[in-house]
Every structure is written in structure tokens, then in C-alpha cells.
Amino acid sequence: MHKFYFLLGCFCAWATIASAQQTITGTVTDGGDGTPLPNVTIVVPQTDQQTQTDANGRYQLTVLSGAKRISFSLLGYATLEEVIGDRNLINVSLEAETTGLDEVVVVGYGTQRKIETTGSIASVKAAELTQMPVTNVAQGLQARVAGVQINQNSGAPGGNISVRIRGTNSINGSSEPLYVVDGIQISNSGGINDVSPLSTINPNDIESVEVLKDASAAAIYGARAANGVVLITTKRGKSGATRVDFESYVGVQNVSKTLDVLNAAEFAQLENEVYKTTVYENPASLGEGINWQDIIFREASIQNHQLTVNGGNEKTQLALSLNYFDQDGIIVNSGFERYSYRLNVDHRINDRIKLGSSILGSYSINQGINAGSDNLGNAAVVTGSVLGAAIGAPPTLEPYREGGGVYPFAEQHGGRYREVINPLNFTEILQQRAIKRTLANVYGEFEVMPGLVYRASFNVDIDDRLYDSYSPLSIIAQQDIGENSGSGSKDNRDFLNLLHESLITYSTRLAENHSLKLTGLFATQSEAYKRNFLSATGFPNDATTNEALQLALNSQVSSDRTSQRLDSYMARINYGYRDKFFLDITGRIDGLTKFGANKKYGFFPAVSAAYRLIEEPFFQGIRQLSDLKLRASYGTTGNAAGLSPYQSLAMVAASGGYNFNHSWDTGIAPTGIANPNLRWEKSTQTNVGLDVSLFNNRWSIVADYYHKRTDDLLYVKSLPFSSGYSTITGNYASLENKGFEVATNAVILDSDLQWTVTANVTANRNKVIDLDGGTTDERFITNYTILKVGEPLGLFKTYVFDGINQTGETIIPGYDGRLGGHKVRDINGDDAIDADDQIITGNPNPQFIFGFSTNLNYKNVDLSIFLSGSYGNDIYNISRLSFENPLGQRNQLKGVVNRWTPENPSEQYVSPFVAGRLPITNYAMEDGSYLRVRNINLGYTFNSLGKLNRIRVYVSANNLFTFTKYTGFDPEVNTYAGSNTQIGIDNLVYPQAKSILGGIQVSF
């Protein structure tokens, strides 16, 4: 009887389970030719229920009742999902993905299939750009493209960033590439404390970025392309059901590293030794005191919120986005806030006419702070920047008054430290930049006849800026306030850039195997700049700050404006034979008003070819080989970015003051000599590249060698005093860049566990060929950097540090040597220290730079890791010449605890000496190599949750670890921002933050 009940129970359980299951069968075929597809993975999302198709493309899968969807996936095909419902037979066709060889890339004034490209072009997709929180597109590109070196010179929110494509290409001009956003041409510039112009564009609106690196790819932009071109395509509407996406993240940021300095007890003891008197009665009793870095640094928030709407029908497509980004700085009272929108509309009137528009608008507010100084060794290093003040501020003083407010140092300790500034002064000074920017494009396309298309576009870039500054009376000691105390200003700068382009394109096939595409362009571009500046000093109080400059005792007004126009003509031929041979020929003529009367026009030609060896029968027999293409190019591009309007003309300007009849008048004096032959900087580049794809496109390698020579570089040449002028700007200098770059991408696993890896490495070598026609072989740019023919840009030339002068040693004359002070090596052995003892002691140019990323996906879990680094570059940490020099009244770095005394004969740290200075040696030269864990991102995706198509939640850690021997705040630094000749110099620049954030992405 018990067996009967047991069998009955088993039967009932089986019946229940069977009734809760559903068997699905079907066939999977190729959407192109209808052939069956074997090894297709069929899976019910978020479950372990899966199977694969057999050799005939057939499958059978039993699923639990209630399963809503079934997914079909195969490498090389787009994944497809089907609703199950009550269906037992589901036949599907998979479409081949348009990736790899058939992927379409933007090439400027058109698109090409990837296999058709003959130049050196790199593509970066939106998901890679915004993998970590970035303020601008250049930050997203960093370490992702071979041949492109990107340095975040300042870690300030929205701060300065420099981009170099295949090296530095100018001396006095700009080496920044041209950026083209939906056809609108913009540029990047600014000093170490300025906002990057790229930060006004929301990176979340970008669909893809193409970097044109060689002359053939960039020559279509002619006179603006010598430094490379970055093509930015924003997201456009797609036909189909309206899709709504929302993305949001919030996080916290902290300084990655602080510098060890003397505490109050150590500082007090040092003061007593420096002045050889009792400045502090009992130094040991003062303890730790104030760590000023803890006062100025803070935990700062970062947040980003974006709403996107995308949809349309066959005739009209629309894409709309709204974004808010807010990043507080890790230094008190600094930050960047941006409101932005984007609207892209495309409408097809009929089969022959298409219209469209793009508009990107933003309003950005930057709260700036002086965090970089180019002063070396003197008192200004602690009065010119907040970081210098924080390192040098005595830890024995107080930051705030008892009743609140900044406590000036001149009111403390009997005024002894009035020459040192309370670091909080910098945080109280208003330095606000409000930027309204609009990028707009309207276009129309008309198909004149089959294959012949005319396109007209009208573009505008409106950039209006208001710079507000105010230095309050409240940060000045009461006894120091005078009638001229307190200063403020308002600085209005308006930029207007108008561009019209008329483009005609003809595409046809000749017979069956020949393709031909002809492109012609006429473009005219005008740029206008206007500035009105008002400044004032001597305010009665801080009540109105700089909003009532008329209340001040003294005021000054200035204004200026400039304009220029560029006219261009371009022709391009693209020829292809059987997807085997490709040939591109380009020629562009540019005429620019700001060049000399004899040299206003320039011609920029380029030619490139590609040979797909894979089409040869021999290579087709190699099963592991998916594609093999050889590329070569040669061409010329120009650069005009470093030249101001009217510089080719004889110029005059307001000069000083003159006393006429007891009246103080301003005069006008000549300031520049005319140069009618002033012309473009011109780069000629040769490129040879190889594209290899292996194992059914699972592993791809792109390798390029390039050689680029830039002639007619703008250079300031000295003139004899008899000319009446000191210098003239002309085309005298020459540079060379050559290098090798490799990028690789591999799909290691492609099943439930998907694993991809990408990496790139670049080695560039630059060399000065000529400076001024052979007259000058070497020139100092600063006290420690030079330009030298035959050597790289920005080399450090200094004396050689040789330890400390010890008791009993002979001190060689010539450099103010002293007992317990730095010893300078006598290089030439003549028993004197002079200029002949200076040698090249450092090179700021890296031997190579690299990037590495890996992505892991297991079902709904995704993990990505992104690394970047630089190797072989030197950094001149000149702040050490100030803060390892115990001269009195300023704090020092911790190592000075081990300073020289007769009882402690240190070989590194000098003895205390009032107002002492260290000689400029390689003492402060450091290895700037680093490896940075730039981003770790972990996410989980929920699919098909009711009316929600997809929800992804994630956490992201950014700049989490930096492995380096460098002792400063950050090895990715340059006090001189985007300078071409002053590179790798650190005098306490705003450091980059590390951050942890959490986010959510929702698709409706």
C-alpha cells in the first residue's frame, strides 16, 4: 500500500512539472542567404535553460512556463530576442553584424567601409568614452588610441587638457588637433588655470569619435590639419519605436595623495636654527599643529544626470537629450557645473531631398582657483598658488579668526609671517567663468541624379564668456588695508565662428569590379572675437564684490576685437578595385586673411593606397587569416593656429605714459614689424601601416610607422637693435617626429562568459631640425629648459647635483656655494662653475605610452578594467627647490628633518640659511613613469522588467591606484599646460582626484 501511495505521489509531481513546461523547436538561418546556421546559442535570459542548433540549424529547448523571451546569439551576427508567448515553433533569421571589415567609419565629408580606408584612422565608440566619469571628450579618449598622447595637465574640474597626435608639431604655434563636431570646427586651448573649451560639450551626447592621424586622412581639412583631426559624431535619431533612456550617477572624490611636511614642533625648531635665535620658546610643546593640506582639500561630490529620447519613422528621425553635470573640486570652493541639451532632427521630404539640423547648447559655470605657478624658488611660489601656500604655510598659525573668517598671517605672531599667505585666501577670491555656448548646424541634401548628391551646410559656433573676479578686503590684515585695497574685474569675451560648406559627391561603379567616388568642396569660414574688460581697485567694502565697480577709487577700461576669414577648395578621388586595391587622392587649397600679402594661399595634397593581400589566392588558403591589408600614404597639411590676426602687418599699440604740458597722456608706439611672407606651418608625413585580422576576426592588430617633418615653423627671431625692433615673427624653424604605434583587440571568450581585451602602445621620437635658418643652435626657454638643434623638444639643461659641501672640502667658486649647501659638479674640470658645466640632465618626452582595457561579461554581470601609463619621461619637480630649502618663514617637506648639520653631515638636504637659494641642478629631476588604474567598473543588468526594457546598475572606481616613483602629487602634470617647449614641469598643479561612484541606466 505504501508503494502505491509513493508511486501515485511521484506521478502527480511529474504531471505538475510537465504541465509547467513548454517545448520550443525551430530553425535558425542566415538572414542574407537563408542557409542554416549551426552552433547558435539559444537561451532564456537570466536562467540556465539553453541549447545550441545542430549542423542543420535546428534546435529544441524545453522552458518553464512563464518564460517571456528567448535569445539567439552567434559570433558575427546580431543577437536576436523573440517573445515566447504560447508559441511552440519559433524560426528566426540572424543578420550579420556590420562590424569588423564592413564597419562604417567617418572619414570627413563622408563615410567609408573599414576595408576601404587607406589612411590611419582610429575609432572610439560611445561606451568607451563614457566608461568613467569625464568632463570632456579628450578625457574619454585618453590611452584608448595609439599615437595619441593626452595629458590632464590640471585635475581641476573642467581643467586644462592637452592632446598630441603623433608628437608635438610646433614651437610657438599650437599643437592641438582640430575638432569637428557634426561638421562644426572647434579648437582646444587655454592655460593651466583655464577651463578647457572641450568641457562645454557633453560627452554623453557623442555616438563615436574618429581620429585622423596621417596626412592622407587629415588633408581634406588642409590648413588646420597638421596636428591631426578628431571627428565627433553625436547621437542621431533612428526610425522605429520611441526609446527613452535615463542615466544617472553620483559619487565622491578625494585627493589621491598629500605631501608630508614638517609639523609644528619640527617647524618651530627649524625656525630657531635658521635665525639662530629663540623664535619659539619650546618647539616640542607645539605638537602637530595645523596641516594646511587638510584645510584646503575636501571630500567632493560628483553627479551626472541625462535624459535621452530617440525615435522616428521612415521620413523623420529625432534625438533629444537633456543633461546636468556637477563636479565639486577637491580643493575648497572650486568646481564645475554644466547644463546642456542636444536636438538632432533629420527629415526626408522625398526620395531626392533630405534636410536636417543639429544643435548643442550648454551653460557652464566654473569656480576657479589659482593652483599652478611658474615662479621658481622665490617668495612668489607661496603667494601665487593655493598649493604652494598650503605647503609653505607655517603649521604654528591658525586658519580662522575666533569669530569666523580667514585669519591673515600678518595679524598673527606679531606679523612675523606677513610675507606668507594664508592658503584660504585663494579659496575666498572669486574667479568665476560663465560660458554660454551653442553649436548649430543646418544641412540640406539633393540627389541631382543617381549617384550625384549636393549637400549644403551652414554652421555656427557661438561662445559667450563672462569672467568675474574679486579679491576681498576680508583677507587683508587690518593694518595693511589702504585706499587701493580690494580688486575686482569683469571680462566679457565673445567668439563667433560661421562656416558654410558646399559639398558635391558622385559615386558610381565602372563595369563590375571598379568603384569610383568623386568629392568636391567649397567652404568659407569667418571668425570674430570681441573683448571688453573693466577692472578696479580701492573698494570701500566687500558688500557688492565686483557687481559695482564704479564704487572703487581706481578703474581701468580696455577693449579689443579681431576677425579673420578662411576660404577653401577641396577635391578628392576614391577608387576601389574588387575590394582588393584602393587609391585615394586629395588636394585642398586654403586662403587665410591673417597671413602675409605674398603667402595667403597654400596647397595641401595627399595620396594614399591600400592593398588587401587577403584577396590573393595564396593568403585565402590560410584559414586562420581573416584579413590582411597593407596601407601607405604621403601628404602635406598645414597649421595656422599659433598665429594671431594682423601679425603679418606692421602694428602699433598703446604704450606707457607721457607728460605733455603737465598732463599724463597715453601714446601709441610701433610694436611689430611687417612680414609679407608670413605663411603656414607645413607638415609632410609618410605613413606605412598593416591591418591584420585573425581567427574569424576574433583578434585584430593595427600597426603603423610614420615619419613627419614640419617646416616653416613660426619662430621669434632676434633683430639687431639698429632696426628699431627687438624681434620678428617668421617661418624659420623645422621639427621632426617619427614613431611606431600598435593597437590590438582580441575576443578571448565568447560564450556565457565573454572576455575581450584591447591594448595600444606608442613610441614617438621628436627632434629639432632648425631654429632660425642656422643662426642659433641652442636657446634657453627657461632657466632649465632648452631648444637645441638635433635634440628633442623641452630638454632639461642644468648643473649636476653632486651632494652637500662637507666640512674640510674646497668649495669651487662660481655658484654661491657654502658649507652645508648643494655642491655642483665641475664637469669640465677647470676649477670654476660656469655655463660650460651645464649639461642635458633630463628628457620630459616618454619612451612610450600605453593603454590597456579588459571587459568580462557573464550573463547579466559585467566587469571592465582600464589601465594607462607612461614610461621613460622625466619630471622637473621644481617645487622641491623651494620646499627642501630651509630659508626661514616657510614650511618645508618632511625630508628636511634630516638637514645638514656638523653633527649630521647629510648628502641630500642643505643646512638652514636665511634667504638661501638652491642652484638649478638635476637635484629635483625625477622619473615620471607611471601605471594608473584609471577605471574599474562593475555592473549588473536586469532585462525586461515590465514596461522597462533594461536596467543596469553599476559601481565605478576611478584613478584608484597610481604606481610611480614620482614624489609629487601626480606624475601626469605640466605647470605650463599645453606648451610645446616647456614640458614635464611640476610647480604644484591641481592634482587629479580618485573617486567612487554608483550609477543606474534605464531604458524604456
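Rules of the game
- Residues numbered from 1 in each chain as written.
- Predicted model: local features only at pLDDT ≥ 70, side-chain atom pairs only at ≥ 80, totals over all residues.
- Heavy atoms only, no water.
- Helix = DSSP H or I, 4+ residues; strand = E, 2+ residues; numbered from the N terminus.
- Rg over C-alpha atoms; globule rule 2.2 N^0.38 Å.
- Buried < 20%, exposed > 50% of the residue type's maximum accessible area, 1.4 Å probe, protein only.
- Contact = heavy atoms within 4.5 Å.
- Areas by Shrake-Rupley, 256 points an atom, 1.4 Å probe, with all protein chains shown as cover.
- Lys, Arg positive; Asp, Glu negative; His and termini not counted.
- Charge placed at Lys NZ, Arg CZ, Asp CG, Glu CD.
- Pairing = 2+ DSSP bridges.
- Axes fitted to C-alpha atoms, helices over the stretch in contact; angles between N-to-C directions.
- Phe/Tyr/Trp six-rings, centres within 6.5 Å; stacked < 30°, edge-to-face > 60°.
- Lys NZ or Arg CZ within 6 Å of the ring centre and 35° of its normal.
- Polar contact = N/O pair within 3.5 Å; in protein donor to acceptor, adjacent residues only side chain to side chain.
- Core = buried A, V, L, I, M, F, W, Y, C linked by side-chain atoms within 4.5 Å.
- pLDDT = per-residue confidence, 0-100.
- Salt bridge = Lys/Arg side-chain N within 4 Å of Asp/Glu carboxyl O.

Quick notes on the overall build of the protein chain
Then comes step 1: Helices and strands together make up the secondary structure of the protein chain, namely 10 helices and 48 strands.
Then comes step 2: Scaling as 2.2 N^0.38, a compact globule of 1004 residues should have a C-alpha radius of gyration of about 30 Å, and the protein chain matches this with 33 Å.
Then comes step 3: The buried share among the 1004 residues of the protein chain stands at 50%.
Then comes step 4: If you take every contact in the protein chain between residues at least 6 apart in sequence, the share linking residues at least 24 apart comes to 68%.
Then comes step 5: Carbon and sulfur atoms form 55% of the exposed surface of the protein chain, whose accessible area is close to 43600 Å².
Then comes step 6: When the 81 basic and 99 acidic side-chain charges of the protein chain are each reduced to a single mean position, those positions are 6 Å apart.

A few points about the sheet that holds strand S2 (residues 41–43)
Then comes step 1: With antiparallel pairing, 4 strands are arranged side by side in an open sheet as S3-S2-S5-S6. Each edge of the sheet is formed by a strand with only one pairing partner; in this case those strands are strand S3 (50–52) and strand S6 (80–83). Taken pair by pair, the neighbouring strands of this sheet meet at an average axis angle of 20°, ignoring direction.
Then comes step 2: Here 3 bridges tie S2 to S3, and the two strands are oriented antiparallel to one another. Note that in S3 the partner of Thr41 across the bridge is Gln52.

A word on the packing of aromatic side chains
Then comes step 1: Within the structure shown, the criterion is met by 23 aromatic pairs.
Then comes step 2: Considering the side-chain rings of Trp292 and Phe409, the 5.5 Å spacing of their centres and the 70° angle between planes classify their relative orientation as edge-to-face. One end of the pair, Trp292, is in helix H6 (residues 292–296); the other, Phe409, is in the loop between helix H7 (386–392) and helix H8 (424–428), with 117 residues separating them in the sequence.
Then comes step 3: Take Phe409: its relative accessible area is 2%, and that puts it in the buried class.
Then comes step 4: Relative to Trp680, the ring of Phe604 lies with its centre 5.8 Å away and its plane at 90°, an arrangement referred to as edge-to-face. Placement of the pair is Phe604 in strand S28 (residues 601–612) and Trp680 in the loop between strand S31 (663–672) and strand S32 (681–694), with a sequence separation of 76 residues.
Then comes step 5: Three or more aromatic residues joined by ring pairs make a cluster, and in this case those are Phe267, Tyr280 and Tyr417.
Then comes step 6: Stacked on the ring of Tyr275, the Lys or Arg Arg416 has its end atom at 4.5 Å from the ring centre.

So, the environment of Asn949
Then comes step 1: Here Asn949 lies in strand S47 (residues 948–964).
Then comes step 2: Between the C-alpha atom of Asn949 and that of Val244, which follows or precedes it by 705 residues, the distance is 9.9 Å.
Then comes step 3: Once residues within four sequence positions are removed from consideration, Asn949 is found in contact with Phe942, Asn943, Ser944, Ser1003 and Phe1004.
Then comes step 4: A polar side-chain atom of Asn949 sits 3.3 Å from the main-chain carbonyl oxygen of Phe1004.

Considerations on the nonpolar core
Then comes step 1: Among the nonpolar cores identified, the biggest contains 52 residues, and Phe297, Val386, Leu387, Ile391 and Tyr876 are the most heavily contacted of them.
Then comes step 2: Elements with a minimum of two residues in this core: helix H5 (264–275), H6, H7, strand S39 (801–804) and helix H10 (880–883).
Then comes step 3: Tallying contributions element by element places H7 first for this core, with 5 residues.
Then comes step 4: Counting 25 residues, the second-largest nonpolar core is a separate cluster that includes Ala138, Val163, Val230 and Leu360.

Here we look at the confidence of the model for the protein chain
Interpreting fine coordinate detail is not advised for predicted regions of low pLDDT.
Then comes step 1: Overall, the prediction assigns the protein chain a mean pLDDT of 89, with 95% of residues at 70 or greater.
Then comes step 2: Averaged over each element, pLDDT in the protein chain is lowest for helix H1 (residues 2–19) (40) and highest for strand S45 (residues 925–927) (97).
Then comes step 3: Counted against residues more than four places away or in other chains, residues 1–19, with its pLDDT under 50, gives 0 contacts.

Regarding the pairing of strand S21 (residues 353–367)
Then comes step 1: Note: strand S20 (residues 335–348) against S21, 14 bridges, orientation antiparallel. Residue pairing for S21: Tyr339 is matched across the bridge by Tyr363.
Then comes step 2: If you look at the hairpin formed by S20 and S21, you'll find 4 residues sitting between the two strands.

A few points about the sheet that holds strand S7 (residues 92–94)
Then comes step 1: With mixed pairing, the 3 strands of this open sheet are ordered in space as S4-S1-S7. The sheet terminates laterally at strand S4 (58–64) and S7, the two strands that pair on one side only. Each adjacent strand pair in this sheet contributes to an overall mean axis angle of 35°, direction not counted.
Then comes step 2: The sheet contact formed by strand S1 (residues 21–30) and S7 spans 3 bridges and is parallel. Bridged to Asp30 within S7 is Leu94.

Regarding the pattern of salt bridges
Then comes step 1: Applying the stated criterion across every chain yields a total of 44 salt bridges.
Then comes step 2: Where Asp468 meets Lys490, a salt bridge forms, and the shortest distance between an N and an O atom there is 2.5 Å. You can see Asp468 sitting in strand S23 (residues 452–471) and its partner Lys490 sitting in strand S24 (residues 487–510), a full 22 residues away along the chain.
Then comes step 3: In this structure Asp468 comes out as buried when scored by relative accessible area, which is 7%.
Then comes step 4: Judged by relative accessible area, which is 17%, Lys490 ranks as buried.
Then comes step 5: Of the charged contacts, one joins Asp567 and Arg565 as a salt bridge, the two residues approaching to 3.0 Å between their closest N and O atoms.
Then comes step 6: Residue Asp567 is classed as buried on the basis of its relative accessible area, which comes to 12%.
Then comes step 7: Here the salt bridges do not stand alone but share partners, grouping Arg437, Asp461, Asp463 and Arg465 into one network.

A look at the environment of Ser864
Then comes step 1: Note that Ser864 resides in strand S43 (residues 861–871).
Then comes step 2: Residue Ser864 is classed as buried on the basis of its relative accessible area, which comes to 7%.
Then comes step 3: Distance from Ser864 to Ser853, taken between C-alpha atoms, is 7.1 Å for residues 11 residues apart in sequence.
Then comes step 4: In contact with Ser864, other than residues within four places in its own chain, are Gln131, Thr854, Asn855, Asn935, Ile936 and Asn937.
Then comes step 5: Among the polar contacts listed, one links the side chain of Ser864 to the side chain of Gln131, at a separation of 3.1 Å.

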